[in-house]
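Survey of secondary and tertiary structure
Residues per chain, in single letters:
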Amino acid sequence: RFPIGTFDEFWESVSGKCLGMKGMTDKPICLVNVDGFYDGFLLQMRRTEEAGMLYDPSESYFHSEKDPESALKWCINQIKSLKEQKQTIPSNETNNQAFNGYNTLKNNDKNTSMISSGSRKSERS
C-alpha cells in the first residue's frame, strides 16, 4: 500500500523515520512535486541544510519527484534495494543499520542544540 496524505501526515512519517519508530526506518518517503507545487518548501529545506539546522542531508529524510509515476518507480526501487540489503545483512546487524544516521547528535562538550521558531539556540545542559 502506498499512502497518500496531507502535509501533516508527511511530517509525521518523516518524524517517525528519523526517530527510528518501529516499521518506519526502512520506509521510502517521496514527496510528489506536481507542477512545482512544493518548490518553495524544497528550497527552504536546502537553506535549512546549508545553515546547519539539520543533522543529516535532507535526502536522508525524504525524496521528491515531479510526477506520480516517477515517485512510484522510485519507491519501488527503494523497496527492492532494501529487500536486497536485508538478504545480505545478518539479522542481528539489520537493527543496528536501521538506526545509523539517526543518532548523529554529539554531546562531546555537553552542548545541545534546540530549534525554536526558526532560530537555532545553543544551551548548556
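Right, let's walk through the structure included here. (Residues numbered from 1 in each chain as written. Predicted model: local features only at pLDDT ≥ 70, side-chain atom pairs only at ≥ 80, totals over all residues. Heavy atoms only, no water.)

Secondary structure assignment for the chain yields 4 helices and 4 strands. If you list the helices and strands of the chain from N to C, you get α-β-α-β-α-α-β-β. Out of the 125 residues belonging to the chain, those deemed buried represent 18%. Sequence separation of at least 24 residues holds for 54% of the intrachain contacts in the chain that already meet a minimum separation of 6. Accessible surface for the chain amounts to roughly 9,500 Å². Of this, 51% is attributable to carbon and sulfur atoms. (Helix = DSSP H or I, 4+ residues; strand = E, 2+ residues; numbered from the N terminus. Buried < 20%, exposed > 50% of the residue type's maximum accessible area, 1.4 Å probe, protein only. Contact = heavy atoms within 4.5 Å. Areas by Shrake-Rupley, 256 points an atom, 1.4 Å probe, with all protein chains shown as cover.)

To continue, consider the packing of aromatic side chains. The tally for this structure, following the rule as stated, stands at 12 aromatic pairs. With a centroid separation of 5.9 Å and an interplanar angle of 10°, the aromatic rings of Phe7 and Phe10 are classed as stacked. Of this pair, Phe7 and Phe10 both sit in helix 1 (residues 7-18), 3 residues apart, roughly one helical turn. Between Phe10 and Phe62, the aromatic rings sit 5.1 Å apart at their centres with planes inclined by 75°, giving edge-to-face as the arrangement. Of this pair, Phe10 sits in helix 1 while Phe62 sits in the loop between helix 2 (39-50) and strand 2 (63-65), placing them 52 residues apart in sequence. (Phe/Tyr/Trp six-rings, centres within 6.5 Å; stacked < 30°, edge-to-face > 60°.)

Phe10, Val14, Ile29, Leu31, Phe41, Leu42, Met45, Tyr61 and Phe62 form the largest nonpolar core, which has 9 residues in total. Every element with two or more residues in this core is listed here: helix 1 and helix 2. Tallying contributions element by element places helix 2 first for this core, with 3 residues. (Core = buried A, V, L, I, M, F, W, Y, C linked by side-chain atoms within 4.5 Å.)

Further remarks concern helix 2. Taking 1.5 Å of rise per residue, the 12 residues of helix 2 would be expected to cover 16 Å, and the 17 Å separating its terminal C-alpha atoms lies within 8% of that figure. The elements touched by buried residues of helix 2 are helix 1, strand 1 (30-32) and strand 2. After helix 2 finishes, the residue Gly52 shows a positive phi value of roughly 80°. (Expected span 1.5 Å × (residues − 1).)

A word on the side chain of Asn33. Here Asn33 shows up in the loop between strand 1 and helix 2. Note on Asn33: relative accessible area 5%, which makes it buried. Residue contacts for Asn33: discarding those within four places in its chain leaves Tyr38, Asp39, Leu42, Glu65 and Lys66.

Let's shift gears to the pattern of salt bridges. Enumeration according to the criterion identifies 2 salt bridges in this entry. The partner of Lys86 in a salt bridge is Asp26, and the shortest N-O contact between them spans 2.5 Å. Here Lys86 is found in helix 3 (residues 68-88), whereas its partner Asp26 is found in the loop between helix 1 and strand 1, with 60 residues between them in sequence. Judged by relative accessible area, which is 42%, Lys86 ranks as partly exposed. Among the residues examined, Asp26 registers a relative accessible area of 24% and is labelled partly exposed. For Lys73, the salt bridge identified is with Glu69, shortest N-O distance 3.2 Å. In this pair, Lys73 and Glu69 are both assigned in helix 3, 4 residues apart and thus about one turn of the helix distant. (Salt bridge = Lys/Arg side-chain N within 4 Å of Asp/Glu carboxyl O.)

For Asp35, which is not a glycine, the phi torsion comes out positive at approximately 55°. Checked against the element boundaries, Asp35 lands in the loop between strand 1 and helix 2.

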